[in-house]
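Breakdown of the fold
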Amino acid sequence: MNESDIRKYANLMSELGLTGLEVTENDRVVRLERNPAPQTAAPVQTVQVGDVPQSAANEDLIEISSPMVGVFYAAPAEDADPYVQVGDRVKKGQTLCIVEAMKLMNEIVAETDGQIVEICAQNGQVVDFGCPLFRIK
């Protein structure tokens, strides 16, 4: 494998956002690795910070927060309807969303009966421990 091939694979890694690539050619193995771009951490911080709307600030709301760092999923599958929407009535123990952490799908359930007032996270968003996911009244 020559230098131009290695550069081609490095550009492909960058284009696809890969952090590692292993290529076997003619009994030779080349493994390329790189650290992910640091710019992915900044949007997570800005997305997670959410203000309580003025209309909801005065109400007695229960906040459901993420118990872990992971990826928020509003539905059980990409093409499925979300578990809940704003205005839905929920019962204690009802599944509200999934937070994927380390390839494990963790169901987040309602802690009490009530009505969904606000969904604080967006589908596919990385959430931090303690990040508000839902507000219920």
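Residues numbered from 1 in each chain as written. Predicted model: local features only at pLDDT ≥ 70, side-chain atom pairs only at ≥ 80, totals over all residues. Heavy atoms only, no water.

**Remarks on the pattern of salt bridges**
Note the following rule: Any carboxyl oxygen of Asp or Glu within 4 Å of a side-chain nitrogen of Lys or Arg constitutes a salt bridge here. Secondary structure is summarised from DSSP: a helix means a run of H or I of at least four residues, a strand means a run of E of at least two, and numbering begins at the N terminus for each. Throughout, exposure labels follow a simple rule: accessible area from a 1.4 Å probe, protein chains only, divided by the maximum for the residue type, with under 20% read as buried, over 50% as exposed, and the rest as partly exposed.
All told, the structure shown has three salt bridges when counted by the stated rule. When the shortest N-O distance is used, the salt bridge between Glu3 and Arg7 registers 2.8 Å. Within this pair, Glu3 and its partner Arg7 are both found in helix H1 (residues 3–16), separated by four residues, close to a single helical turn. Given the relative accessible area of 53%, Glu3 is considered exposed. With relative accessibility at 53%, the residue Arg7 sits in the exposed group. Residue Glu63 pairs with Arg135 through a salt bridge whose shortest N-O separation is 2.9 Å.

**Points about the confidence of the model for the protein**
Formally: Scored between 0 and 100, pLDDT is the confidence that the predictor attaches to each residue. Contacts are residue-level and defined by heavy atoms, with any inter-residue pair within 4.5 Å sufficient.
Per-residue confidence for the protein gives a mean pLDDT of 79, with 82% of residues at or over 70. The least confident element of the protein, judged by mean pLDDT, is helix H2 (residues 41–48) at 35; the most confident is strand E5 (residues 89–90) at 94. Contacts from residues 38–56, a stretch scored under 50 in pLDDT, to residues over four places away or in other chains number twelve contacts.

**A short note on the packing of aromatic side chains**
For clarity, the cut-off: A pair of aromatic rings is counted whenever rings of Phe, Tyr or Trp (Trp by its six-membered ring) have centres within 6.5 Å, and the orientation is called stacked for planes under 30 degrees apart, edge-to-face for over 60 and tilted otherwise. Definition used: whenever NZ (Lys) or CZ (Arg) falls within 6 Å of the ring centre and also within 35 degrees of the ring normal, the charge is taken to sit over that ring.
One pass over the full model with this rule turns up one aromatic pair. On the numbers, 6.0 Å between centres and 55° between planes, the contact of Phe72 with Phe134 is tilted. One end of the pair, Phe72, is in strand E4 (residues 70–73); the other, Phe134, is in strand E10 (residues 132–136), with 62 residues separating them in the sequence. The class of Phe72 is buried, set by a relative accessible area of 1%. The ring of Tyr9 has Lys8 sitting right over it, with the charged end atom 5.3 Å from the ring centre.

**So, the sheet that holds strand E8 (residues 114–119)**
Rules: For two strands to be treated as a pair, DSSP must find no fewer than two bridges joining them.
With respect to topology, four strands assemble into an open sheet ordered E3-E10-E8-E5, the strand pairing being antiparallel. In the strand order of this sheet, the two ends are held by strand E3 (62–65) and E5, each with one partner. As defined by bridge partners, E5 adjoins E8 across two bridges and the pair is classed as antiparallel. Bridge pairing links Arg89 to Gln115 in E8.

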